[in-house]
Amino acid sequence: MINCIIVEDELPAREELKYFLNQENSIKLIAEFDNPLDTLNFLEKNTADVIFLDINMPDMNGISLGKIITKMYPDMKIVFITAYKDYAVDAFEIKAFDYLLKPYSESRIKNLLKSLVNIKNENTTSVKNSNLKKITVNIGERLYVISLNDVDYIEASEKETLIFSNQKKYVSKIKISKWENMLKGYNFYRCHRSFIINLDKITEIEQWFNSSWIIKIKNYTTAIPVSRNNIKELKELFLA
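Remember, predicted model here, so these are calculated numbers, not experimental data.

Undergrad: Where do I start with the pattern of salt bridges in this structure?
TA: Between side chains of opposite charge, a pair can form as their charged atoms come close. The tally for this structure, following the rule as stated, stands at twelve salt bridges. With a closest N to O distance of 2.9 Å, Lys18 and Glu32 form a salt bridge. Of the two residues, Lys18 sits in helix α1 (residues 11-22) while Glu32 sits in strand β2 (residues 27-33), which places them 14 residues apart along the sequence. Residue classification places Lys18 among the buried residues on the basis of a relative accessible area of 17%. Assessed through its relative accessible area of 30%, Glu32 is described here as partly exposed. A salt bridge links Asp98 to Arg108, with the nearest nitrogen and oxygen atoms 2.5 Å apart. One end of the pair, Asp98, is in strand β5 (residues 98-101); the other, Arg108, is in helix α5 (residues 106-128), with ten residues separating them in the sequence. Judged by its relative accessible area of 14%, Asp98 falls in the buried class. Salt bridges sharing partners connect three or more residues here, namely Glu8, Glu10, Asp54 and Lys102.

This is the structure in structure tokens:
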């Protein structure tokens, strides 16, 4: 369940947003406020996964509150809501999860809520399943369940990871370091800071330039680098 709060000083806008939230069974509205101060008092004793935050409010605007929340509660996702596009740059400098414009677009809100649910499901399924046999990833608004045996390799890409399976590419919000911990005990190996490979899918370990090494994976042309510190261990695993 995703717990969220709304901070919006206009009652009609707050009620409209509540209507959409109530349509999503996996999202629970735990509190609503019309000013930032009451919001901060609430968060001192309570936790929330998502905050829907209006930008234009008296006393303290949403951007200022967003900066405080980012520092105090870095895991909380901020969705800014406003009637003005001018604040978009400020919102994304705070690393907001999203930015909703008024009047609300029904399809836009529904897609946003689905994204929040997809990410929550992905993290919960992948992290809590101690007998991990499948992983959950998403493309756009769709979730895909993939057998571990079908995962060829995982690549870090900025704040995301790319999951390659049967020559298809999926996107995950889980960091590669977390994937490494989750896949311990399975037939996967982190050969480079940016790559985790399925040992069963290796077709060749080849020496490259300047004493470097690369890995070739079945059905892929991508040359996956191997950290120099890892080549000896990888050879032993591959030949075992």
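Undergrad: Help me understand the pairing of β2 in this model?
TA: Residues in a regular strand point their side chains to alternate faces of the sheet. Relative to β2, strand β1 (residues 2-7) runs parallel, the two being bridged by six bridges. Within β2, the position partnered with Val7 by the bridge is Phe33. In this fold, β1 hands off to α1, which returns the chain to β2; that crossover is right-handed.

The rules we used
- Residues numbered from 1 in each chain as written.
- Predicted model: local features only at pLDDT ≥ 70, side-chain atom pairs only at ≥ 80, totals over all residues.
- Heavy atoms only, no water.
- Salt bridge = Lys/Arg side-chain N within 4 Å of Asp/Glu carboxyl O.
- Helix = DSSP H or I, 4+ residues; strand = E, 2+ residues; numbered from the N terminus.
- Buried < 20%, exposed > 50% of the residue type's maximum accessible area, 1.4 Å probe, protein only.
- Pairing = 2+ DSSP bridges.
- Right-handed = clockwise from strand over helix to strand, strands pointing away.

These figures come from the coordinates and say nothing about function on their own.
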